[in-house]
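# Structural overview
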Amino acid sequence: MSKRAHPSHGRRQLLRYAGASLILSVSPLAGAAAKLPSVLAVRIWPAADYTRVTLEHDAPLKFTHFTVENPDRLVVDIEGVEFNSVLDSLARKVATDDPYIKLLRAGRFKPGVVRLVMELKTKVNPQVFTLDPAGEYGRRLVLDVYPLNPPDPLMALLEGRKDAVEPLKLDPEPTVADKRPDEPTKKAEKPQVEAPEVHTAKKSGKPIVDRLVTITLDPGHGGEDPGAIGKAGTYEKNVTLEVARRLKARIDAEPNMRAVLTRDSDFFVPLQMRVQKARRVQSDLFLSIHADAWIKPDARGSSVFVLSEKGASSTQARLLAQKENQADLIGGVNIGSKDLFLARTLLDLSQTATINDSLKLGKYLLGELGSINTLHKASVEQAGFAVLKAPDIPSALIETAFISNPEEEARLNDDAYQEKLAGAIIRGIRQYFIKHPPGPKAKLALLG
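One structure accompanies this document, and this report is about it. (Residues numbered from 1 in each chain as written. Predicted model: local features only at pLDDT ≥ 70, side-chain atom pairs only at ≥ 80, totals over all residues. Heavy atoms only, no water.)

Ring pairs (aromatic) are described by centroid distance and by the angle formed between their planes. A complete count under the given rule lists 4 aromatic pairs for this structure. With a centroid separation of 6.0 Å and an interplanar angle of 85°, the aromatic rings of Tyr50 and Phe267 are classed as edge-to-face. Of the two residues, Tyr50 is situated in the loop between strand E1 (39–45) and strand E2 (51–57) and Phe267 in the loop between strand E12 (257–261) and helix H6 (271–280); the sequence distance between them amounts to 217 residues. Relative accessible area serves as the criterion here: at 5%, Tyr50 is assigned to the buried category. For Phe267, a relative accessible area of 1% translates into the label buried. (Phe/Tyr/Trp six-rings, centres within 6.5 Å; stacked < 30°, edge-to-face > 60°. Helix = DSSP H or I, 4+ residues; strand = E, 2+ residues; numbered from the N terminus. Buried < 20%, exposed > 50% of the residue type's maximum accessible area, 1.4 Å probe, protein only.)

Summarising the element assignment, Thr54 is placed in strand E2. For Thr54, a relative accessible area of 1% translates into the label buried. The residues contacting Thr54, other than those within four sequence positions of it, are Ala41, Val42, Arg43, Trp45, Arg140, Leu141, Val142 and Glu224. (Contact = heavy atoms within 4.5 Å.)

Along the chain, His57 turns up in strand E2. When the C-alpha positions of His57 and Leu141 are compared, they lie 7.6 Å apart, and in sequence the two are 84 residues distant. Sequence-distant contacts of His57, that is, excluding residues within four places in its chain, are made with Ser38, Val39, Leu40, Gly138, Arg139, Arg140 and Leu141.

Attention now goes to the sheet that holds E1. Think of a sheet as strands paired side by side through backbone hydrogen bonds, with each pair either parallel or antiparallel. Across the sheet, which stays open at both edges, the 4 strands sit in the order E1-E2-E8-E7 with antiparallel pairing between neighbours. With partners counted over all chains shown, the strands left at the sheet margins are E1 and strand E7 (124–131), one partner each. Looking at each pair of strands side by side, their axes are set apart by 10° on average, direction ignored. By the bridge criterion, 6 bridges tie E1 to E2 in an arrangement that is antiparallel. (Pairing = 2+ DSSP bridges. Axes fitted to C-alpha atoms, helices over the stretch in contact; angles between N-to-C directions.)

Structural measurements only, silent on function.
Here you go:
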């Protein structure tokens with residue numbers, strides 16, 4: 001005769017099994033599937049210089065990439081990533097006028113692998129690399145697509161001068177320093193910068209300009225690097241580009257001057273590459289345009305900074321230089337690229353003379369900016385700005401106003417005020433060249 005189990009014994013077993021089940025369910029070692037990394041955002045930055053594709057993700061990724069010909073394609077395989085709606089949206093993010101990318105799509109290639117295929121419009125030199133978290137960004141996988149034959153900025157500059165070989169006569173409008181309160185506005189009699197000689201080469205018959213004043217304008221930040229952000233949502237990178245474009249138009253209207261932008265749209269340019277662009281076109285001046293920010297919203301006014309070989313002239317100048325020098329971390333530089341290190345500009349014996357010229361330039365700029373806005377500091381400040389380290393080009397960094405000040409943020413978005421800024425800066429440039437005429441440099445043969 002079988003014995004029936006006591007009811008209390010069954011209940012004890014049930015509780016014991018339930019307890020074990022509960023332990024398994026909360027144990028991290030219970031064999032639950034590990035969460036796959038996810039792509040959180042995709043951003044594409046097309047430009048004539050190159051197109052950048054950025055995939056921001058929440059955990060480290062493993063990837064491989066290769067190129068395919070006929071037709072030209074860049075293929076990137078990402079291991080162990082979750083295919084989601086963000087990756088599925090890639091194809092819709094490519095602009096039709098992108099200079100290098102024709103089509104971009106992603107899909108499940110095989111179990112555990114997502115494949116990105118980029119169809120190209122031309123042959124390219126791709127760089128694929130990762131970035132550690134920086135600023136407001138998490139980890140990023142970056143696909144940079146450079147043209148195999150990059151455009152030559154000097155040739156573009158010369159092409160733009162075909163119809164502008166008139167002799168230079170620089171007779172500026174009177175500046176703030178030239179006017180007296182009781183005196184009507186009139187053109188001041190100032191020394192003129194010598195006109196460039198324009199003649200025809202004997203052999204080729206092409207016109208040759210012996211002297212062309214070239215000014216590189218550097219709109220701060222761009223692309224992945226928004227710069228400072230105002231309370232109303234204004235991005236510094238957008239303001240600086242608008243001001244630089246207006247200033248370029250004014251400079252290009254001068255018969256002897258031509259301005260070159262380090263970026264003409266919304267994309268990231270490494271700090272040292274900005275310097276290199278200025279040197280490649282034999283620039284006479286380098287002006288980096290910015291809009292300052294501070295922890296207190298009442299900070300206001302315009303400032304001008306130049307390079308310091310020693311320490312910064314103030315704590316604020318030192319902190320600003322540190323912040324601006326972090327642009328490469330936020331914007332994203334491929335530190336594995338050999339070209340980056342080959343392109344670095346080293347300080348040489350001419351740096352001291354260049355800094356002295358930069359201080360003179362800064363004085364004229366600051367004087368004119370003071371006619372349209374409060375000056376944050378009455379004198380030119382100095383600090384170790386990486387973007388000002390061209391050893392042979394007078395360079396200045398202009399903080400147009402404080403974007404962190406709501407009142408100044410509104411003015412920075414105003415077309416009329418942007419024009420005032422451009423007008424003040426070109427008056428400062430005029431004054432500098434009147435007092436310090438540019439020296440000789442290599443002849444530039446015009447094509448065509």
